[in-house]
Amino acid sequence: MITSFQDLLKNRPPWSTVLLWYLRCMALLLIAGGVIHWARIVGFAPWRGAWFWEMPVEWQTATVFFGVLDLVAAIGLWLAVSWGTVMWLFRAFSQIVMHTAFSDMFGRRPYEITFYLATIGIYLLLVYLVEREHRKK
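Residues numbered from 1 in each chain as written. Predicted model: local features only at pLDDT ≥ 70, side-chain atom pairs only at ≥ 80, totals over all residues. Heavy atoms only, no water.

Draft legend 1. View of helix 4 (residues 82-98). For helix 4, with 17 residues, the first-to-last C-alpha span of 24 Å sits near the 24 Å given by 1.5 Å per residue. Of all the residues in helix 4, the buried ones are Gly 84, Thr 85, Trp 88, Arg 91, Ala 92, Ser 94, Gln 95, Ile 96 and Met 98. Of the surrounding elements, those touching the buried residues of helix 4 are helix 2 (15-41), helix 3 (57-79), helix 5 (103-106) and helix 6 (110-136). (Helix = DSSP H or I, 4+ residues; strand = E, 2+ residues; numbered from the N terminus. Expected span 1.5 Å × (residues − 1). Buried < 20%, exposed > 50% of the residue type's maximum accessible area, 1.4 Å probe, protein only. Contact = heavy atoms within 4.5 Å.)

Draft legend 2. Quick peek at unusual backbone geometry. One non-glycine residue, Arg 48, adopts positive backbone phi at about 50°. Along the chain, Arg 48 falls in the loop between helix 2 and helix 3. Look at Arg 48 and you get exposed, because its relative accessible area is 60%. If you check the backbone angles, Ala 80 has positive phi at about 60° while not being a glycine. As for its position among the elements, Ala 80 is in the loop between helix 3 and helix 4. Judged by its relative accessible area of 42%, Ala 80 is partly exposed.

Draft legend 3. View of the nonpolar core. With 15 residues, the main nonpolar core has Leu 19, Tyr 22, Leu 23, Leu 30, Leu 77, Trp 88 and Tyr 123 as its most contacted residues. Elements with a minimum of two residues in this core: helix 2, helix 3 and helix 6. Take this core: its biggest share by element is seven residues, from helix 2. Core analysis: the next-biggest nonpolar cluster, separate from the first, contains nine residues, Trp 47, Ala 62, Phe 66 and Met 98 among them. (Core = buried A, V, L, I, M, F, W, Y, C linked by side-chain atoms within 4.5 Å.)

Structure below.
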């Protein structure tokens, strides 16, 4: 039975398993995001009170771009293949650039940017821990 934080660290699964489940959690978030984008595209749900065909062209483009990219990255993350991680990182950096460099067009979203940077940071930490664990073996 786990009674302390140290017991938890001693009895935890290998870091590679933790990384796998982290990537699968990110995949679930991307599936949800992709479904939301496609709900907007097909006219099932409006975005900020506007339907897809009423959105500015740059928002239509971004919606289709992330609608496809979210689902492709989600599949790759769920399967734990390298291209899935690359697609997810590309997607995250695209969102960061969209809301910083092009904030006049897409708006500033500091909480969203912080979320993406935090998820990337957690990913990098887990990769480091996996590598460190493999070096000890």
